[in-house]
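Architecture at a glance
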Amino acid sequence: MRIDLHVHTTASDGTLTPSEAVFHARELGLSAIAVTDHDSCGGVAEALRAGAECGVEVVPGIEISVEWHGEGIHLLGYYVNPDSAAMRTLLQQVIDERTRRNEQIAASMRADGLPVHIAALNARYPGAVVGRPHFAQALVDLGKAQSVSDAFARYLSPGGKYYRKREYIPLSAAFNAVRGAGGKAVIAHPFQYRLPEHALIALTRTLTDAGAVGMECIYTGYSAQQTEYLRALAAGFGLCITGGSDFHGAGKPENRMGEPPVSYELLQILKEV
Ligand code: AMP
Ligand code: ZN
Ligand code: FE
Ligand code: FE
């Protein structure tokens, strides 16, 4: 029984709708997937319906970007109740901050004569949390970049002309919201932050003290050695082990749903912590 606990949909920057993502999981023979959109629970209800229809267990989730020593760190929240006051308040805060930043990015593009408007992006991606990936696609459509990753490299990464900083929400606010929404917090893809080892350990300690119950040790591109290292780190802090692909559909073709393999047992353990 294989699962994938890290899947994005059109509710953030994935290219499959929540139903399509669930049907894809069904085709791959996965028994469960977690829908973990960036700063959004907007895909969860549809995914749950599709899952009930085709016999794939859907775990409601979210991936929240939080701030730690100036770094953007990703926190996975599993089994959060999207309708709870705690989650709604947090998500509104994130949307307000993103709106502020999106307006700055669009204005900087318009200053260069590019016809980029927030209202048009919202209309094109209904229900999505609009962010840099959508601006990257706009640059591709306007012939300013070859691909989304080219647009990031040339314009939308720190130092790039259209990059604008986003204020991440404080760690404590994210943990309070996950807890208030009845969820379980898991540290996402620990090697993606490119921290030196002492900082990775400090981060793990801080997040564990704040209430994290697990660590995503199995992840796209992590070697067997890296996964073993993370398993030992997680064990040392009493964290359970999770894993997922960070599937985004066509937007990140190298992240394939269901890979690397994750066993259902890990979900069983997550449910029980
Ligand atoms: P934002 O939250 O608006 O700052 O956008 C961040 C998202 O953009 C990440 O979650 C990734 O999915 C995507 N992203 C970041 N860097 C790249 C890149 N170099 N190529 C493609 N997508 C990227
Ligand atoms: Zn993403
Ligand atoms: Fe992430
Ligand atoms: Fe992700």
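Now for a description of the structure that goes with this document. Think of each chain on its own: its residues are numbered from 1, step by step along the sequence as written. Written order determines the labels here, with chains lettered from A and ligands numbered from 1. Totals for whole chains, interfaces and linings use every residue, but because this is a predicted model, local features are given only for residues with pLDDT of at least 70 and side-chain atom pairs only at 80 or more, for both listing and counting. Note that water and hydrogens are dropped before the side-chain values are worked out from all heavy atoms of the structure.

Moving on to the coordination of the iron ion (ligand 3). Here a donor is an N, O or S atom found within 2.8 Å of the metal, or within 3.2 Å if the metal is Na, K or Ca; sites may look incomplete because water is not among the atoms. Within the protein, the atoms that donate to the iron ion (ligand 3) are Glu 63 (OE), His 74 (ND1) and His 189 (NE2), at distances of 2.0 to 2.2 Å. Between the iron ion (ligand 3) and the iron ion (ligand 4), a separation of 3.4 Å is found, and both are coordinated by Glu 63. One end of the pair, Glu 63, is in strand E3 (residues 57-68); the other, His 189, is in the loop between strand E6 (184-187) and helix H8 (197-210), with 126 residues separating them in the sequence. Accessibility classification places Glu 63 together with His 189 in one group, the buried group. The way it works is that DSSP assigns letters per residue, a run of H or I at least four long becomes a helix, a run of E at least two long becomes a strand, and they are numbered from the N terminus. In this scheme, a residue with accessible area under 20% of its type's maximum is buried, one over 50% is exposed, and one in between is partly exposed, where area comes from a 1.4 Å probe on protein chains only.

Let us now look at the pairing of strand E8 (residues 240-244). Counting buried residues in E8 gives five out of five residues, a clear majority hidden from the surface. For two strands to count as paired, DSSP must find a minimum of two bridges between them. Here five bridges tie strand E7 (residues 214-219) to E8, and the two strands are oriented parallel to one another. In the strand pairing of E8, Glu 216 is matched with Thr 242. Place the viewer so that the strands point away; then a crossover is right-handed whenever the path from the first strand over the helix to the second strand goes clockwise. Between the parallel pair E7 and E8, the chain is carried across by helix H9 (residues 224-236), and the sense of this crossover is right-handed.

On to the nonpolar core, then. In this text, buried Ala, Val, Leu, Ile, Met, Phe, Trp, Tyr and Cys residues form a nonpolar core when linked through side-chain atoms within 4.5 Å. Ile 64, Tyr 78, Met 87, Leu 203, Leu 207, Met 215 and Leu 267 are the most contacted members of the largest nonpolar core, which has 54 residues in total. Those residues in contact with Leu 207 that sit more than four places away from it in its chain are Ile 73, Leu 75, Leu 171, Phe 175, Ile 187 and Ala 212. Counting 18 residues, the second largest nonpolar core, distinct from the first, contains Ile 105, Phe 135, Ala 136 and Leu 156. In this description, contact between two residues means that some pair of their heavy atoms is separated by no more than 4.5 Å.

Within the sequence span of helix H1 (residues 18-28), burial applies to Pro 18, Ser 19, Ala 21, Val 22 and Ala 25. Taken around the axis of H1, the buried residues stretch over an arc of 165°, which confines them to a single face. On its buried side, H1 packs onto strand E1 (2-7), strand E2 (32-35), helix H2 (44-54) and E3. Picture the helix axis, draw a direction to every C-beta atom, and the arc is the one those directions span.

The next subject is the coordination of the zinc ion (ligand 2). Those donors, Asp 13 (OD), Asp 13 (OD), His 38 (NE2) and His 248 (NE2), are the protein atoms that reach the zinc ion (ligand 2), and they lie 1.9 to 2.6 Å from it. Mapping the donors of the zinc ion (ligand 2) onto the primary sequence gives the spacing D-x24-H-x209-H. Between the zinc ion (ligand 2) and the iron ion (ligand 4) the interatomic distance comes to 4.8 Å. Here Asp 13 is found in the loop between E1 and H1, whereas its partner His 38 is found in the loop between E2 and H2, with 25 residues between them in sequence. For the pair Asp 13 and His 38, one class covers both residues: buried.

Attention shifts here to the site of ligand 1. If even one non-hydrogen atom of a residue comes within 4 Å of a molecule or strand, that residue is called near it. If you check the shell around ligand 1, you find Asp 13, His 38, Arg 98, Arg 101, Gly 131, Arg 132, Pro 133, Ser 149, Phe 152, Arg 166, His 248 and Lys 252 and nothing else. In protein, a polar contact requires one atom able to donate a hydrogen and another able to accept it; more generally it is a pair of N or O atoms within 3.5 Å, and residues adjacent in sequence count only if both atoms are side-chain atoms. Between ligand 1 and Arg 101 there is a distance of 2.9 Å, counted from an oxygen atom to a side-chain nitrogen or oxygen. Arg 166 places a side-chain nitrogen or oxygen 3.0 Å from an oxygen atom of ligand 1. Exposure was quantified through the Shrake-Rupley algorithm and a 1.4 Å probe, taking into account, for residues, occlusion by the shown protein chains and nothing else. Relative to its unbound accessible surface of 500 Å², ligand 1 loses 76% to contact with the protein. Listed by contribution, the elements that provide at least two residues to the shell around ligand 1 are helix H3 (85-110), helix H5 (132-141) and helix H6 (148-156).

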